[in-house]
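What the coordinates show
Spelled out from the first residue to the last, the chains are:
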Amino acid sequence: MTSNLSLRNRRDFLRASAVTLATGAFPSSLFSATEIFATNSSSTPSKPLRIILDTDPGVDDAIAIFLALRSPELHVEAVTPVCGNVPLSLTLPNALRLVEIAGRTDIPVAAGAAAPLVRRLVTAKYAHGNNGLGGVDFPEAKLKPVSETATELIRRIVRANPREISIVAIGPLTNVATVLKSDPTIAPLIKSIVIMGGSLSGGNITPAAEFNFYVDPEAARIVFDSGIPLTMVGLDVTRKVIIREEQVRALEAAQNPVSQAAGKILRANLDRLTKAGSANGFAMHDPLTVAQLIDPSVVTLKEYFVEIETTGELTAGQSLGYSHGPVRRSPPLETGLPPVEYLESDFKPNALVAVDVDPDKFFRLLLARLTASA
Ligand code: BDR
Ligand code: CA
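Here we summarise the structure given alongside this text. (Residues numbered from 1 in each chain as written. Chains lettered and ligands numbered in written order. Predicted model: local features only at pLDDT ≥ 70, side-chain atom pairs only at ≥ 80, totals over all residues.)

1. Details of the site of ligand 1
Neighbouring residues of ligand 1: 15 residues in total, closest Gly58, Asp60, Ala124, Phe211 and His285. Contributing elements (two or more residues each) for the shell around ligand 1: helix H3 (59-69), helix H8 (211-215) and helix H13 (285-294). Within the shell around ligand 1, the residues separate by chemical class into five nonpolar, six polar and four charged. (Near = placed C-beta within 6 Å. Helix = DSSP H or I, 4+ residues; strand = E, 2+ residues; numbered from the N terminus. Nonpolar A, V, L, I, M, F, W, Y, C, P; charged D, E, K, R; others polar.)

Following this line, the structure appears as structure tokens:
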């Protein structure tokens with residue numbers, strides 16, 4: 001599973017992206033070629049980070065997939081669609097289309113879960129359009145999914161490469177939880193899980209819950225209880241990276257298949273939301289999650305102990321973060337039944353949570369990568 005682009009070619013397109021910036025394809029006040037060269041040279045590790053991208057495309061997923069596939073710091077081993085923003089019957093063909101548009105048909109795409117672990121699927125068509133790509137109809141991909149399921153493929157790749165593979169999960173955590181449930185000894189072999197999801201400052205689909213955790217709270221809980229090193233990039237930071245007209249124009253102006261496709265998806269979604277009177281921009285949740293792997297200085301991470309609410313009638317999917325101990329549970333109920341043990345324990349962080357972001361740095365990186373001539 002090697003990439004089509006050699007490292008040298010990838011460095012070339014990073015160079016090209018800086019040249020594009022310098023020649024003024026985007027508004028010059030937003031960018032500086034020097035800064036982009038500095039960002040790229042300081043953040044390009046000698047060995048790319050090997051990732052599996054678990055996703056529910058999804059407008060911002062589409063942009064995140066493109067960003068990952070055009071960044072030499074990352075080696076994408078597989079793409080594993082899951083239901084979420086739209087049903088799997090759409091996220092799977094969307095993922096195939098996006099991988100094909102990026103010219104990366106060497107990457108296996110495997111079908112994931114069609115439903116959350118125990119709940120009925122709730123989608124976010126209101127945010128992503130009926131087809132998940134803002135309503136843009138791309139031709140059907142020639143690329144087909146591999147015959148393994150997403151969980152089979154993830155297990156096989158992880159087991160063949162112990163402690164080498166990170167899972168970047170930018171949809172509901174159903175596929176990841178299914179891997180952990182179906183293979184109880186696999187957790188120590190997964191290098192890390194980098195998650196777009198959750199929030200320590202209120203939700204976006206209910207006052208309590210962020211969408212990905214809301215869709216499958218039980219899956220999120222399994223992942224946060226797994227002991228695997230976790231990074232959570234939640235609404236606390238992703239709400240601060242809002243894509244607007246000027247960035248969409250920059251993507252439309254660049255002449256490569258990825259930036260053209262990204263421009264179409266974003267333009268359609270922006271128009272749709274503007275017409276509905278609901279927004280003149282929207283958050284790049286998933287691209288930020290990928291970007292901070294490429295350039296860690298884009299966000300600030302802080303240790304937390306994060307737990308996921310699963311039983312709340314109104315709050316399922318809420319993420320609660322302790323920054324220090326003691327960690328407490330709600331008091332036991334006086335039901336007359338034998339008392340539930342009241343737990344209080346010391347602080348042991350289970351996740352790095354993104355608490356701050358540099359939006360300008362993020363957008364410079366995103367646009368440089370997507371607009372570079374491949
Ligand atoms: C998350 O939910 C989805 O709608 C987005 O793709 C993102 O992964 C944000 O809450
Ligand atoms: Ca997503």
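2. Side note on the environment of Lys361
Following the sequence through the fold, Lys361 ends up in helix H14 (residues 359-371). On the neighbour-count criterion, Lys361 (16 C-beta atoms within 10 Å) is partly exposed. A sequence separation of 64 residues divides Lys361 from Ser297, and the C-alpha atoms of the two residues are 8.6 Å apart. Those residues in contact with Lys361 that sit more than four places away from it in its chain are Ser297 and Val298. (Buried ≥ 20, exposed ≤ 12 C-beta atoms within 10 Å, placed from the backbone. Contact = placed C-beta atoms within 7 Å.)

3. Here's the deal with the sheet that holds strand E5 (residues 230-233)
With mixed pairing, eight strands are arranged side by side in an open sheet as E2-E1-E3-E4-E5-E12-E8-E9. Every interior strand has two partners, whereas the edge strands, strand E2 (74-81) and strand E9 (319-322), have only one. Going across the sheet, the axis of each strand differs from the next one's by a mean of 30 degrees, ignoring polarity. Both E5 and strand E12 (residues 351-357) contribute to a ladder of three bridges, which runs parallel. By the bridge assignment, Thr231 is partnered in E12 with Leu352. Helix-sheet contacts for helix H4 (residues 88-101) involve strand E1 (49-55) and E2, and the interaxial angle to E2 is about 150 degrees. (Pairing = 2+ DSSP bridges. Axes fitted to C-alpha atoms, helices over the stretch in contact; angles between N-to-C directions.)

4. Focus on unusual backbone geometry
In this chain, Pro57 is followed by Gly58 through a cis amide linkage whose omega measures -15 degrees. By the secondary structure assignment, Gly58 is in the loop between E1 and H3. Following Gly325, the chain continues into Pro326 via a peptide bond in cis, with omega recorded as -5 degrees. Within the fold, Pro326 resides in the loop between E9 and strand E10 (327-328). Positive phi is not limited to glycine here, since Arg163 has a value of about 60 degrees. Relative to the assigned elements, Arg163 resides in the loop between helix H6 (150-160) and strand E3 (165-169).

5. Points about the packing of H3 against H13
Contact geometry for H3 and H13: axes closest at 6 Å, N-to-C directions at 20 degrees. Here H3 is positioned roughly parallel relative to H13, judged by the angle of their axes. Note on packing geometry: the crossing formed by H3 with H13 is right-handed. Between H3, through Asp60, Asp61, Ile63, Ala64, Leu67 and Ala68, and H13, the contact on the second element is made entirely by His285, Asp286, Pro287, Thr289, Val290 and Ala291. For the contact of H3 with H13, the residue count by class is seven nonpolar, two polar and three charged. (Parallel < 35°, antiparallel > 145°, perpendicular 65-115°, else oblique. Left-handed = near helix turned anticlockwise from the far one by under 90°.)

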